Amino acid sequence: QVQLVESGGGLVQAGGSLRLSCAASGRTFSSYVMGWFRQAPGKEREFVAGISTSGGDTNYGDSVKGRFTISRDNAKNTVFLQMNSLKPEDTAVYYCNGGLMYGSNWYRPGSYWGQGTQVTVSS
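Two descriptors summarise a pair of aromatic rings, namely the distance from one centre to the other and the angle between the planes of the rings. Summed over the entire model, instances satisfying the criterion amount to six aromatic pairs. Both rings, one in Phe37 and one in Phe47, keep their centres 5.6 Å apart while their planes meet at 70°; by these two values the pair is edge-to-face. Placement of Phe37 in strand E4 (residues 34–39) and of Phe47 in strand E5 (residues 46–51) is noted, with a sequence separation of 10 residues between them. Across the pair, Phe47 and Phe37 agree in class, each one buried. Measuring from ring centre to ring centre gives 6.4 Å for Tyr95 and Trp113, while their planes differ by 85°; the resulting arrangement is edge-to-face.

Written as structure tokens, this is what we have:
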């Protein structure tokens, strides 16, 4: 069982940066593939990024490639999402996900979700 708590969301101007954090409870964090999803009002949930258990492999949604970076610190049971060059269309609630599975062009969310953190990008 893993409990996830996101933080770091907020209001930022277009072109700015934010760093999201997801703190996980439990001793088995390092055994879970982790990821981030987002959902904007009236839109479907969107895959943002995923990271392997060791952190050696990452994958990104097309809309964030080159701007966002996912990383993890297994010693601190935390996964991060560094978001640069933010755009108004990045506005959404961002969710941390544990137990994710992904490939080069597919993904399947895991069972564990955080409560979400709001990111708002003004133009």
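For the rest of this paragraph, the subject is the pairing of E4. With five of its six residues buried, E4 lies for the most part within the structure. Sheet topology note: the E4/E5 ladder contains five bridges and is antiparallel. Within E5, the residue paired with Trp36 across the bridge is Ala49. Between the antiparallel neighbours E4 and E5 lie six residues, among them Gly42 with a positive phi of about 75°. For E4 and strand E9 (residues 92–98), the ladder comprises six bridges, and the chain directions are antiparallel. Among the inter-strand pairings, Phe37 is bridged to a residue of E9, identified as Tyr95.

Within a regular beta strand, the side chains point alternately toward one face of the sheet and then the other, so they alternate between its two faces. Side-chain alternation along strand E7 (residues 68–73) places Phe68, Ile70 and Arg72 on a buried face and Thr69, Ser71 and Asp73 on a face that remains uncovered. One ladder, built from six bridges, connects E7 with strand E8 (residues 78–83); its direction is antiparallel. Bridge pairing in E8 links Ser71 to Phe80. Counted along the chain from E7 to the antiparallel partner E8, the turn is four residues long, and its residue Asn77 has a positive phi close to 55°.

Despite not being glycine, Asn77 has its phi angle at roughly 55°, a positive value. We note that Ser85 has phi near 50°; this positive angle belongs to a residue other than glycine.

On to the environment of Leu100, then. Within the secondary structure, Leu100 sits in the loop between E9 and strand E10 (101–102). Here the alpha-carbon distance between Leu100 and Ser111, two residues 11 residues apart in the chain, equals 7.8 Å. In contact with Leu100, other than residues within four places in its own chain, are Val33, Met34, Gly35, Phe37, Phe47, Ala49, Gly50, Tyr107, Arg108, Pro109 and Gly110.

So, how was this worked out
Residues numbered from 1 in each chain as written. Predicted model: local features only at pLDDT ≥ 70, side-chain atom pairs only at ≥ 80, totals over all residues. Heavy atoms only, no water. Phe/Tyr/Trp six-rings, centres within 6.5 Å; stacked < 30°, edge-to-face > 60°. Helix = DSSP H or I, 4+ residues; strand = E, 2+ residues; numbered from the N terminus. Buried < 20%, exposed > 50% of the residue type's maximum accessible area, 1.4 Å probe, protein only. Pairing = 2+ DSSP bridges. Contact = heavy atoms within 4.5 Å.

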